[in-house]
Amino acid sequence: MTNSTTEYTLPDNFTSTEITHQEAIETVIDSLQENDSAMVHHDGQGYIWKFQYGSVETYVQLTGENEEDLLTVWAPVLTLPAQNELGLMRKLLEMNGEETLETRFGIMNNQIVVLSQRTVEDLSPAEISRAITLVATIADDNDERLIETYGGNPITN
């Protein structure tokens, strides 16, 4: 049995089909958004997108395209205070350990949020899609149940 290899030469006008992180984010948001709800804001600190997914608004921030820049995805679930904050915090910690995969529950601006954050170094379009989809889905699946069980106020848009 002989091992043979074939060498291929790419034409001079060959271009890569790589997409930017921004393009990948916009593709994912376009597939998930409801009622043409997607909005984007761009300034010197990067991009922030917002879109409606089920009963929650989901936010995506990209600080840039360099290796040390960040992709942050979050979706507010409820506004504090809650009637049973101790029970709520215990439940969220349990969910963080058992159910949230690469995402987590946290507190931002007096709101319980589902969030995911990582640098963009070696970040693939599939990872971008997974982060956005997980945050939006986990928030949408849990917001009403957590409010009903532990109190707190729904997020007002």
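Residues numbered from 1 in each chain as written. Predicted model: local features only at pLDDT ≥ 70, side-chain atom pairs only at ≥ 80, totals over all residues. Heavy atoms only, no water.

Moving on: unusual backbone geometry. Here the amide bond leading from L80 into P81 is cis, since omega sits at 10°, within 30 degrees of zero. In this structure, P81 sits in the loop between β4 (70-79) and α2 (85-98). Backbone geometry at N35 places phi at a positive 55°, although glycine is not the residue there. With respect to the helices, strands and loops of the structure, N35 is situated in the loop between α1 (21-32) and β1 (39-43). For N109, which is not glycine, the phi torsion reads 50° and is therefore positive. Tracing the chain through its elements places N109 in the loop between β5 (104-108) and β6 (111-119). For N109, a relative accessible area of 73% corresponds to the exposed category. (Helix = DSSP H or I, 4+ residues; strand = E, 2+ residues; numbered from the N terminus. Buried < 20%, exposed > 50% of the residue type's maximum accessible area, 1.4 Å probe, protein only.)

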